[in-house]
Each structure stands twice: as structure tokens, then as C-alpha cells.
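Chain by chain, the residues:
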Protein chains: 2
Amino acid sequence: MIHGSMQDYPLTLDKFLDHAARWHPDAEVVTAREDGRIDRVGYAMLRTRSLAISSLLTDFGIAQGDRVATLAWNSQAHVEVWYAVMGIGAVCHTLNPRLTGPQLAATAVQSDAKILVASADLLPLARLIADRAPGIERILVIDGAVGEAAAAAPPIAELESLIAGASDDAVWGDFPETAPSGLCFTSGTTGAPKGVTYTHRGSFLHTLRTLQADVMAFTARDAVLAVVPMFHANAWGLPFALPAVGGKLVLPGRQSDGASLARLIAAEDVTIGVGVPTVWLGLVEHLEAAGGELPSLKRIIVGGAPMAPALMERIERRLGVTIQTSWGMTELSPSGTVAPPNDPHRSAAVSGRPAIGVDLLLTDADGAALAQQRGGEGHLRVRGAAVVERYFGEDRPATDADGWFPTGDLARIDAKGNLIITGRAKDLIKSGGEWINPAEIEAVVGALPEVSLAAVIGREDAKWGERPVLLVELCGDQSIDDAALLAPLAGRVAPWWIPDAVIRLSAMPLAPTGKIDKIRLRNEYGAG
Amino acid sequence: MIHGSMQDYPLTLDKFLDHAARWHPDAEVVTAREDGRIDRVGYAMLRTRSLAISSLLTDFGIAQGDRVATLAWNSQAHVEVWYAVMGIGAVCHTLNPRLTGPQLAATAVQSDAKILVASADLLPLARLIADRAPGIERILVIDGAVGEAAAAAPPIAELESLIAGASDDAVWGDFPETAPSGLCFTSGTTGAPKGVTYTHRGSFLHTLRTLQADVMAFTARDAVLAVVPMFHANAWGLPFALPAVGGKLVLPGRQSDGASLARLIAAEDVTIGVGVPTVWLGLVEHLEAAGGELPSLKRIIVGGAPMAPALMERIERRLGVTIQTSWGMTELSPSGTVAPPNDPHRSAAVSGRPAIGVDLLLTDADGAALAQQRGGEGHLRVRGAAVVERYFGEDRPATDADGWFPTGDLARIDAKGNLIITGRAKDLIKSGGEWINPAEIEAVVGALPEVSLAAVIGREDAKWGERPVLLVELCGDQSIDDAALLAPLAGRVAPWWIPDAVIRLSAMPLAPTGKIDKIRLRNEYGAG
């Protein structure tokens, strides 16, 4: 028995905003509006407003563990609501506006959300959801006016008009650090949506991990543009990370087109941009058409989708930035690996390295660890404080007997310890008893300048079980014949991997996260 | 009731070495030897050796919660022993070789250490300690040979000779994250030594805090020279932080003179140096005398003592580095505040800013929070996961009713949120009912080029209660009369703060941590 101890100091997310308000009171959260206006608030004022919202929520009956849903873009008000909900131990269930009313209502019914906070421009969708989710007692509108009065239940009010009259008696943080803070349903590209429950401890530790100098490395002198949406996977944790260091958080609102982003980056001296590759391609295309330079921008952190080397080089050259690639998933809160800033060996093919707190394991299809973790391809499993243990509402753990979460991704780890995602296990095609990895074929065909998007799926085949089929969407007015599409595969994949057919689509079907919807492709084109 | 959760992933220190061995197996821990040799080991091998030592300790009867003492310099073997002890849930009690045998034995009795790991060159001191601390069952020698056989108890063995025969059955980390990991007694410059119990959780979170880009910002590409000793306050956490990022840890062994450090920095391409200001002054003086450049060195992190602006400028200019000032104490595991790297507004007067996870509060002498936290001077209190809650063996908490730890320091917080330590509350002199802060007088006199060290203490005075007396040690062969010593105080402190007397010392008495021993000064010169 040893005496003596360190202080009990629960890792709860309200501490981030407390810290920012105290030590960086004038550092800002700025929001771009559709009319070109830019709203701004310091962390001290943001915290005061957020506490007032906590009081309102408490008055509306929200208690620890209750769910509050949000249907909103990246904006100051959305950040305020996040902290207001999480600070009192309630759970923020973010809804993705790119899904349909019935889809969203189903998750709101499952989470039993009592209040829905909605962006004014999403009010029609919010009403659809509330109609089908009777547990929603109230809609609170942010970022705009309610407009025409609504006769039907539930009651609708503008949050801003209530803040001034709110009491100041809210207290944050009076709950254990393992309490849930957020809820996000995966997009369901590979099955029914599953709810990932974020916790204060998990997201706090996730934040400390990303702030490391070899990871996202944000500082108080940075202005970080969060193009990644707050309605999906915590906007990669940026609304936690920037207050934690007192950096400026730049929110684009609804607009993520190249012109809007260029204007915002220039106006706010943005130093770091965070978002999927296509967003930065849009920015580059805007600058190439309209001209202009963005000298404040130093780094871009990409993730969420693989990136062609040529695109990486093009973005780096035109914007004068270095790109950090990364890999993550909703179930990881969401960051898994990130390439260090300004790594001279950076490459579009790798997704970075794990920082302390994320453990990776490559296994065979049965979950047995590969004897050699480096070099060979395996099924990727992860462990860590910010990695899902159990999905929302499920009795069974999402982890294996040793506590590892199977990601469903196929990956290699190179000699330097870089993670290389090589495909999705569920996308693999079994042909003649052997596996074909569509991601490798897609990477080769997708690198052709004529090709905008490429997907390979398995089509039923009487002799081989499945055979690969290539689906392509070409760029603008480009044309290319089938032989030329398949030609670059010769010598780069096994001959029997080469697709049996090419199907041209005017528009590739995308899931709400922007990824190619392979479920739909298999349904439409997978029959023999 | 919400379902779903994140993984249970205890924050235990063994994970740092596991991570380093897995992801940075060839990154090195290097140790300078007195004969000029440099030993090196990769993290993978270091972990294997450390696990073997865990097995040996277990065989010797060490179990979770047991204390193992170390009396050693900064070396590979010392790092291996740290992880070996902490990995199995035992507690590493570090002994400061600059204290006396009886002093150290008293703390070893208090901690009930069962094994003493000692550097070969400290074996005589180790025997003195073991003689007086009968709980020590065994001495294990590192970094050298035992030499002549010892007849007396306890048994002495060389650890290195035992490692090859150790079993490989040790398992790390099977205990809660709040378990104690280390024990360090404060130096007792202001009272009896008190034991600070470090915990896995506290030191893990301390590490994540220091790794932030705005704090110590170590990366896998850094080589960090740890001049701060492992026997005091965890060497500022460097033996945890470097494995956590896979950076090179450079250990100077026993030698911290300028010539030895210059050789080591050049040989190992050290990028960041960490130590008290006097160490870097020694390095500068060596280079000024012997010539040479150290181009790999980019940053120096100082702390532990205030630094004159002229010294800071001199070190930065000669070494071509930027200096990060910091403030900490044993009770904080030990880092409190750090100035960000390459801060253009850096200054010797400030001690940096708190990063997320350390809360600061300025109070009046009674512990009531100052209404204005910025601008005015107050008594500094701290809160955080790596801040002491209760000293070793004490029943009462070390914190106030609200959970704040009173540091005993006086401080200001400037408009930008920088911490400025202005003195020690216990050093204050009460003269005529008003307080005099000796630190302010010492800063002015200490800036004179003739003055090496300056201290001001209170001397009993029949009329005023106490009056200030100045004690000085001059540089080399310099001379300066009393009036010239006191002259710069005019207009910079209140007239009644000016010391009544000047006492010249050929050598200022120093406590084992290198700080001026004010207890001794008061005993010898404080009588009326």
C-alpha cells in the first residue's frame, strides 16, 4: 500500500472551452455566411453564450445522458450548441443533412432525441424528421430565422432570441469522464447505419493525440479552416482541438466551393486547411480559372478517401502547401493515422503513422495476427481510448476477444511504419477461389487523365463465382475507348484481375459522405 | 441510459515503450560514457532488455506497489530500470546522488524500498544508504562493475550479468492507470523533504501535454539531450516523451560540463537541449574558449531557475538557438508552463503559458481568488491530472478545499496570458508590517556583470521585525563596492526595500538541486 496521489481531474470536453475562454479569450471562431458576411466571436464570449444555451436546455428538461440532435452546417452556433449539450453531460447526436428525412428520423427514433437543433435553411428537413420521430419535443433554430409560423407540433423557436433571457446557473462537467458526449451514425455504405457513441474521455484523448507536433500540430498562432463537416465524425475533432490550443477556428458554413473557400482563406489568413481531397481540387480549379494566391496557407490535412499522386502534387504546387495524408473512421473518433507535417518523404499512397494511443494490428481473414506485421497485406484492427468498444444500442461488443476493433479495411505497413490502406475487405471479389482487390484496379484506372471516378465490383459468374466489372465516369467531355481504359493494367495486376467489362456512367452514385456507393452499384450491376 | 462505449485503454507508461518498440524500433537511446565512448540501443532492444529486468525483479519478490529505489545518472540502464519497475506496477523511487547517505536513507526507510539499483560509481553511497535502510534487501549495480567483493549484507550483483539469464515471462500494464509509478522527494530547501507520488495516469497525460506543438513539440526527427537528471522530477518527463514520439533520447551520463555536452551534441546531431540555464552557460563558455559550432541544435528548453535576459540573449546568439522558458515543480510531474517554440515575443522574464490540462489561479494570502487574474501579483495555485493531491505518507491532502494545490510561488499573469514568477511566498520579508519580495531585488543586483549569485534574506530587527540583507558571490576576480551593488535598485524598488547590509561570500551555499540554499543563509545570517 503506497500513499500519495495525483489529483482527480476528469477528462471532460467542457475543459477545452474553459481553457480557451481563460487563456485565449479573444482568439476567434469565425463563420462565413452565404451573403459574404463573416461573423466572429472570441472564445470567452462563445463560452458565455454556450453556458446560456446549457441553461435553456436544462429548462427544457434536458438532463445528463439525454440526447439532443443537431442538423446544421459548420457555424459558430453549432459549436455553441455542441459545448452546451456536452457540457451538461447530454449527448449531441449529429444528423447528416445529405441523408433523407426518413433515414434521419430512423436514427433520431433510435437515439430517442428530445430536442432537434436545426439550421434555418434545413427547417423543412427538420420538420420531416420531427414528424417521424415523435420523441422530438422541440425544434430550436440556429443560423437564420424561422420564417412562416408553423401550426403543427413540435414547437419551433429561434435559439438566438432565447439566449438573452437565459439564466446563468448552468454548471459544466459534473459527470464521469467516461460519460457519452456524442453520437454519430455511420453512413451505411456497407450495411445498416450503426451509431458510434463518443465519450468525453475518448474525444479528450483524441484531441491530445492530434495536437502533437508529429500529428496535426495546431498552435495558438494557427487559423484552421474546418471544411470537414461537424455533422460527420466530429469534424475530425477540430471544434475540440482549436479551443484546446487557443487557435482560430474558421468555419465555412454551408459553402465549400472553391471561390467561397478562397475568399475565406484570404480574409482570415488561414494557415491550415482540413478536408477531403475533392474540396482542395475545387479550390485549385477556382484559382486556376480566376487567378489569385493564398500565401497564408501552409498545410492541408486530407483524409476520408485515397488521393491520386498527381492530384497531391497539383494541389501542393498550386497552393504552395504541404499535404498531410491521414486515415480514420467514425469508429475512431475519427482519426487513426496522420502523416507528420512537412514530412519530406510524404506520399499520396500512405496514410501516415499511428501516434501514441492508437495500436494497429494486421491479421488474416480469421483475425489471427500476421507473424510479419510489416510488408504484407492484412486485415486492419485497431485499439485505443478513442476506438469504439460497442455500438449504440448493441449488446455485443464491436471488438474481438482481445479487444481489437476490426476496421474492415485491408492494409499494409511499410518498412518505415507507414500505413497503406489497400482496400475494403467487403469490396473484395472472389474469382475462381482467389481474391481480387478492386482498390488496386481502381487506383490504376483512376489515374488516367480522362477518368473522373472509377469503381470495380464483382458480377456473378457461373464459372468463376464472380468476375470484375469496371464502372467509370469520365471527366467533362473526355472520351477514351475500353481498350485504352484497361491498357494500363497490363503488367500492374494479374491478368485474370483485368475486368471483363466496362460500364460507363454519366454520374457515379455517391453515398452521403461523398464515397462511391458500392452497395448501389452491386445491386444495379452485380447480377450475372 | 445510453448504450455504446469507447474502449477501456488504461493510460499506463509501459505503452510508451511498447509504442516505440513497435513503430520506431531502431530509434535510439544513446549514453555518453566518461571514457568518451557512446553506447546506443534501439527502442525494440531496450524494451526486450527492460522486460527481462522486470522478470528479474519479479523473481526477487517485487510485486505491484512495491518500491524500487534508483541512485543513478542519466543512462540507458537507468531508463531500462524505470520501465522495468513501472511496467510491472512497482514504484520507482529516485534518489538524488547529491544528497548525503543519511538524508537518502531516511527517504528509503520512509518509502520502504526493497531493492536499490545503483550506478557503479555511486556504490559507496549506496552502501551507506543500505546500512541505514534495512528494508533494502539487495543492491543491483548498473553502468559499471561491482569491483571488490563486499562481505556485508545486503547482497550486491551486477544487473547486466543477470539479464541474459532472465526469463521472458514478464507482463506489463496489468494494473489501473491511477496506480503509482514513481516517487520523488522534494529537495527540502524550504522544509523537510516531502515525497511526491507520481502515477501512470498523471505522467501519461503530462507527456501528451508536453508533446503538443505549442509546448515541447518533440518529433520523431528530433534528438533530445536530457541534461535534467532522471533522479529529480522525472527528468521533466523526457524518458516518457521521447519513446512516445519515437525520437532519439540522448543521455549525458554523469558529465554535464560544457566540453562533454558540446562533444555529445555534435556527435549525435542533437536538435533540442533540455536543462537549467547554468548548463547552457557552461556550454557557451566552452565554445567561446575552445571554438566550434553546433549547427544541429535548434532549441533549448530551460527551467528550474529564473534566467537573466542578458544570459538568454548570449546563449541564443552563440548557439544559434531559440530558448523556451518554462516553470514547473516536483509536485507537477513536473512541467507547469512552457513558452511555445520560436515565439517571437519570448522573454527571460516569462515562464510560458499553461497548456490544456493545467489550470492556474492567483489568490490572496488567504487563498481567495483575486478578482482580476491578470496584471496583479498573487499566490499561485494549480490544478491538473499531473498535480499532487496528497504527499507520500500524509493523511491530509496537499490541496485546498476546492482542489487547488498552493505552490508557494508568487506570480503575475500578463495581458497575453504569460506566467511571470515573481518570488517565493516563503522567502518574503516582512518589514514594518509590509512585504518585501527578495526576488525583485535579486533580479536587479544579479544582472550586474560583476555579480555571479545574489540572495536577499530577512534579518531580525528589533524595530521593523525584519530588514533585508544582501548576500553576493562575485564573478571570478571582479570587485565592486557596496554602494555600486545597491545603486541600480534606486528607482526600481521602494526605498525601504533597499538592503541594510551587504555580505560577501566566496561561495554561495547551494541546495542539491542547484538552487541557492536560503534555509542555510537564514540560519547563518538571519539573526539580529
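Position labels on residues start from 1 in each chain and follow its written sequence. Chain labels run from A onward and ligand labels from 1 onward, assigned in the order the entries are written. Since the coordinates come from a predicted model, pLDDT governs what is reported: local features require at least 70, and pairs of side-chain atoms require 80 or more to be given and counted, while whole-chain, interface and lining totals use all residues. Note: side-chain values were computed over all heavy atoms of the structure, leaving out hydrogens and water.

Asker: Which parts of the structure should I look at to understand the relation of the copies chain B and chain A?
Answerer: Each copy is superposed on the other by least squares, with the fit set by C-alpha atoms of residues at a pLDDT of at least 70 in both. Its rotation angle being 180°, the transformation that places chain B on chain A also includes 0.0 Å of axial translation and leaves an RMSD of 0.1 Å. Expressed as a symmetry operation, the mapping of one chain copy onto the other fits a two-fold axis.

Asker: Where do I start with the interface of chain B and chain A in this structure?
Answerer: It is common to give the size of an interface as the accessible area lost on bringing the parts into contact. Contacts between the two partners involve 72 residues from chain B, matched on the other side by 72 residues from chain A. Here the quantity called buried area is the accessible surface, traced with a 1.4 Å probe, that two parts lose on coming together, added over both. Taken together, the two surfaces of chain B and chain A that pack against each other cover about 5600 Å², and 57% of this comes from carbon and sulfur. A carboxyl oxygen of Asp or Glu within 4 Å of a side-chain nitrogen of Lys or Arg is what we treat as a salt bridge. For the pair chain B and chain A, the number of links is four salt bridges. Between Arg221 of chain A and Asp214 of chain B there is a salt bridge; the shortest N-O distance is 3.5 Å. The leading source of residues in the side of chain B that touches chain A is helix 1 (residues 14–23) of chain B, at five residues. In this count, Pro and Cys sit with the nonpolar residues alongside Ala, Val, Leu, Ile, Met, Phe, Trp and Tyr, while Asp, Glu, Lys and Arg are called charged and the others, Gly among them, polar. Taken together, the residues of the side of chain B that touches chain A break down into 40 nonpolar, 18 polar and 14 charged. Contacts are assigned to residue pairs that have any heavy atoms within 4.5 Å of one another. In this text, helices come from DSSP runs of H or I with a minimum length of four residues, and strands from runs of E with a minimum of two, each type numbered from the N-terminal end.

Asker: Where do I start with the pairing of strand 22 (residues 405–413) of chain A in this structure?
Answerer: Side-chain positions along a regular strand alternate between the two faces of the sheet. All names here are of chain A. The pairing of strand 20 (residues 378–384) with strand 22 spans four bridges and is classified as antiparallel. Each residue of the ladder has a partner; that of His379, found in strand 22, is Leu410. If DSSP finds at least two bridges between two strands, the strands pair. With five bridges connecting them, strand 22 and strand 23 (residues 419–424) associate as antiparallel partners. Each bridged residue has a counterpart across the sheet, and for Ile413 the counterpart in strand 23 is Leu419. Where strand 22 folds back onto strand 23 in an antiparallel hairpin, the turn is made up of five residues, including Gly417, whose phi is positive at roughly 90°.

Asker: For this particular structure, what's the right way to read the pattern of salt bridges?
Answerer: Two side chains of opposite charge can pair, provided their charged atoms sit close to one another. Counted by the stated rule, this structure contains 60 salt bridges over all chains. With its nearest N and O atoms 3.1 Å apart, the salt bridge here joins Arg317 of chain A to Glu313 of chain A. In this pair, Arg317 of chain A and Glu313 of chain A are both assigned in helix 11 (residues 309–319), four residues apart and thus about one turn of the helix distant. The shortest N-O distance in the salt bridge between Arg49 of chain B and Glu80 of chain B comes to 2.7 Å. Residue Arg49 of chain B is located in helix 2 (residues 43–59), and its partner Glu80 of chain B is located in helix 3 (residues 76–87); the two are separated by 31 residues in the primary sequence. Of the two residues, Arg49 of chain B and Glu80 of chain B, neither departs from the other in class, the shared state being buried. Connected through shared salt-bridge partners, Arg33, Asp35, Arg37, Asp39 and Asp143 of chain A make up one network. In this scheme, a residue with accessible area under 20% of its type's maximum is buried, one over 50% is exposed, and one in between is partly exposed, where area comes from a 1.4 Å probe on protein chains only.

Asker: Teacher, can you tell me more about the sheet that holds strand 12 (residues 248–251) of chain A here?
Answerer: Where strands meet in a sheet, backbone hydrogen bonds hold them as pairs that are either parallel or antiparallel. All names here are of chain A. Strand order in the open sheet formed by seven strands is 3-2-12-11-13-14-15, with mixed pairing between adjacent strands. Looking along the sheet, the strands with just one partner apiece sit at the ends: strand 3 (38–42) and strand 15 (322–324). Ignoring strand direction, the axes of neighbouring strands in this sheet form an average angle of 20°. Note that strand 11 (residues 223–226) and strand 13 (residues 272–274) share three bridges and pair parallel. Opposite Val224, over in strand 13, you have Ile272 as the bridge partner. Lines fitted to the C-alpha atoms define the axes, with helices restricted to the stretch that makes contact. Angles between their N-to-C directions range from 0 to 180 degrees.

Asker: Quick question: what am I supposed to make of the packing of helix 3 of chain B against helix 8 (residues 238–245) of chain B here?
Answerer: Two quantities define a packed helix pair, namely the angle between the axes and the distance from one axis to the other. Residue and element names in this part refer to chain B. Between helix 3 and helix 8, the least distance of the axes is 11 Å, while the angle of their chain directions is 90°. The angle between helix 3 and helix 8 places the two elements in the roughly perpendicular class. Counted together, Trp82, Tyr83 and Met86 of helix 3 and Pro239, Phe240 and Pro243 of helix 8 form the full contact between these two elements. Partitioned by chemical class, the residues of the contact of helix 3 with helix 8 number six nonpolar, no polar and no charged. We call two directions roughly parallel when the angle between them is under 35 degrees, roughly antiparallel when it is over 145, roughly perpendicular when it lies between 65 and 115, and oblique otherwise.

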